[in-house]
Structures are given as C-alpha cells and as structure tokens.
Amino acid sequence: TYYSKTLAASGGTAPLSWSLSQLSLPLPMELSLSPSGLISGTPRVTGSFSFSARVTDAAQVSTSHSLALTIYPTLTIITTALPNGTVGKYYSFTLTATGGLPPYTKWSWYPTAYSLPPGLSLNSSTGVISGTPTATGTWGFTVEVRDSAGLTGSKPLSLTVEGLTITTPSPLPNGTACMVYSLTFEATGGTLPYG
C-alpha cells in the first residue's frame, strides 16, 4: 500500500532540507525521504524500522531525531467460502481476516450482484453473518474489513440458501390392524444428515 508522510520541524530559518543522518539505518525498501521531508513509496517488506532524520535550515544549522516506522502485513480477509444455509434454520458464521493493524474495527458488505440473503445480517463489530434465511437461492456480495489504522481489505463471497422439503407423498398409505406398518419418510435439500 502506498505510504506518504511529511516530517515536520519547528524553528530555524527556512527553507529546511531533510535527509537521513550519516549514521542512520536505511528506510525500508521502496521508501525514500525527499529534501522537503516527504517519506513516500510502496513498501514491500513488513517489520519495525528505526532511522534518524536530519533537518538543516538555510543557515546550515541542523538537528537529528530518531524515528520508528512499522509496516504491517496487507490486510486480507482469509474466509474463502461460506457454508450453505437452510431456509427457516438459524445461520451463523464468523468471517476472519489477517494482517493490518488489529483489532479490526468495522466489517461491512456491499452488493456485487445481489446482497445478503433475506433474513441474514452482518455484525459490523464482530464480522458474524447470522439470522434465519427466508428464501432459497445464491447471493453474491463483497465483504470489507477495516483495521485500527483505517486500512481496508475486501473479498467477494457468495452464500447459497437451500430449501428442505419432505418428499414423502401425502396422504400416507393405509395400514391394517394387527399388521406391521413401515414407511420411510424422505426429503430433499438442506444439509445431510437429516436429524
């Protein structure tokens, strides 16, 4: 992710010129410090980095200050698929993410083809999709997570809601008094095994 931060100083005589101190460790790869004090670039590595910035004014008076910069892994939603739901049956699934700056502060969704299935909602604090679906079908949507630094990650997902239907014909076959009666009920849809 592109990074941009301008260093600031007080006092001295303008214009000010910035550089790394002679004994400073380098900035993380792909980042640079411009003479105007702008640290910018797209970092390719993660970790905590210490360095020393030096500012010099027009009278050639200078001072240095030690700074630290932490680069976090890319914020990524690691949920790859959602389990199917069943009409009329309570559904709950927790989305998961990695990277960024935890804790994750907000989960949200937006439609890509449809939306969340009717009867389900996404808890913006916990990332839990829950509720009781009221219709069958497949719904496509994109989920997004925001971390404590304000960065976001997103992923398209889909959720299929199945119906559960008893297929045993009605009325049931007649029985005979004093004779063993046996009938196996059958159903389609839902998630096996049936209970």
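Coordinates for the structure precede this section.
As the structure is a prediction and not an experimental result, all values here were calculated from the model.

Caption draft 1: Up close: the sheet that holds strand E2 (residues 17–20). Across the sheet, which stays open at both edges, the three strands sit in the order E2-E5-E6 with antiparallel pairing between neighbours. Every interior strand has two partners, whereas the edge strands, E2 and strand E6 (62–71), have only one. Strand after strand, the sheet turns through a mean of 30° between neighbouring axes, direction not considered. Across four bridges, the pairing between E2 and strand E5 (residues 47–56) is antiparallel. Note on E5: the bridge partner recorded for Leu20 is Ala53.

Caption draft 2: Representation of the layout of surface pockets. Looking at the largest pocket, its volume works out to about 480 Å³. Lining the largest pocket are 22 residues, and of these Thr1, Pro43, Ile71, Tyr72 and Leu151 lie nearest its centre. The dominant element in the lining of the largest pocket, judged by the number of residues it contributes, is E6, at four residues. In terms of residue class, the lining of the largest pocket is built from 14 nonpolar, six polar and two charged. Of the voids in this model, the second largest pocket is the one considered here, and its volume is about 250 Å³. If you go around the second largest pocket, you meet 16 residues; those closest to its centre are Leu7, Trp18, Ala53, His65 and Leu67. At the level of elements, strand E1 (3–6), E5 and E6 are the ones that each hand at least two residues to the lining of the second largest pocket. Per-class residue counts for the lining of the second largest pocket are 12 nonpolar, three polar and one charged.

Caption draft 3: Geometry of the side chain of Asp147. Relative to the helices and strands, Asp147 resides in the loop between strand E14 (137–146) and strand E15 (152–162). Within the buried core, Asp147 has no salt-bridge partner, and the shortest N-O distance to an opposite charge, that of Arg146, equals 7.0 Å. At a separation of 2.8 Å, a polar atom in the side chain of Asp147 contacts the main-chain amide nitrogen of Leu101. Of the polar contacts made by the side chain of Asp147, one reaches the backbone nitrogen of Leu151; its length is 2.8 Å.

Caption draft 4: Looking closely at the nonpolar core. Counting residues in each nonpolar core, the largest one holds 18 residues, and the members touching the most others are Leu82, Leu95, Trp107, Ile129, Phe141 and Leu159. Elements with a minimum of two residues in this core: strand E12 (120–122), E14 and E15. For this core, the element with the most residues is E14, which contributes four residues. Ranked by size, the runner-up nonpolar core spans 11 residues in total, among them Trp18, Leu27, Leu33 and Ile39.

Conventions used here
- Residues numbered from 1 in each chain as written.
- Predicted model: local features only at pLDDT ≥ 70, side-chain atom pairs only at ≥ 80, totals over all residues.
- Heavy atoms only, no water.
- Pairing = 2+ DSSP bridges.
- Helix = DSSP H or I, 4+ residues; strand = E, 2+ residues; numbered from the N terminus.
- Axes fitted to C-alpha atoms, helices over the stretch in contact; angles between N-to-C directions.
- 1 Å grid on protein atoms, 1.4 Å probe; cavity = no way out; pocket = protein on both sides within 12 Å on 5 of 7 lines; lining within 4 Å.
- Points joined across faces, edges and corners; volume = space filled by probe spheres on them.
- Nonpolar A, V, L, I, M, F, W, Y, C, P; charged D, E, K, R; others polar.
- Buried < 20%, exposed > 50% of the residue type's maximum accessible area, 1.4 Å probe, protein only.
- Lys, Arg positive; Asp, Glu negative; His and termini not counted.
- Salt bridge = Lys/Arg side-chain N within 4 Å of Asp/Glu carboxyl O.
- Polar contact = N/O pair within 3.5 Å; in protein donor to acceptor, adjacent residues only side chain to side chain.
- Core = buried A, V, L, I, M, F, W, Y, C linked by side-chain atoms within 4.5 Å.

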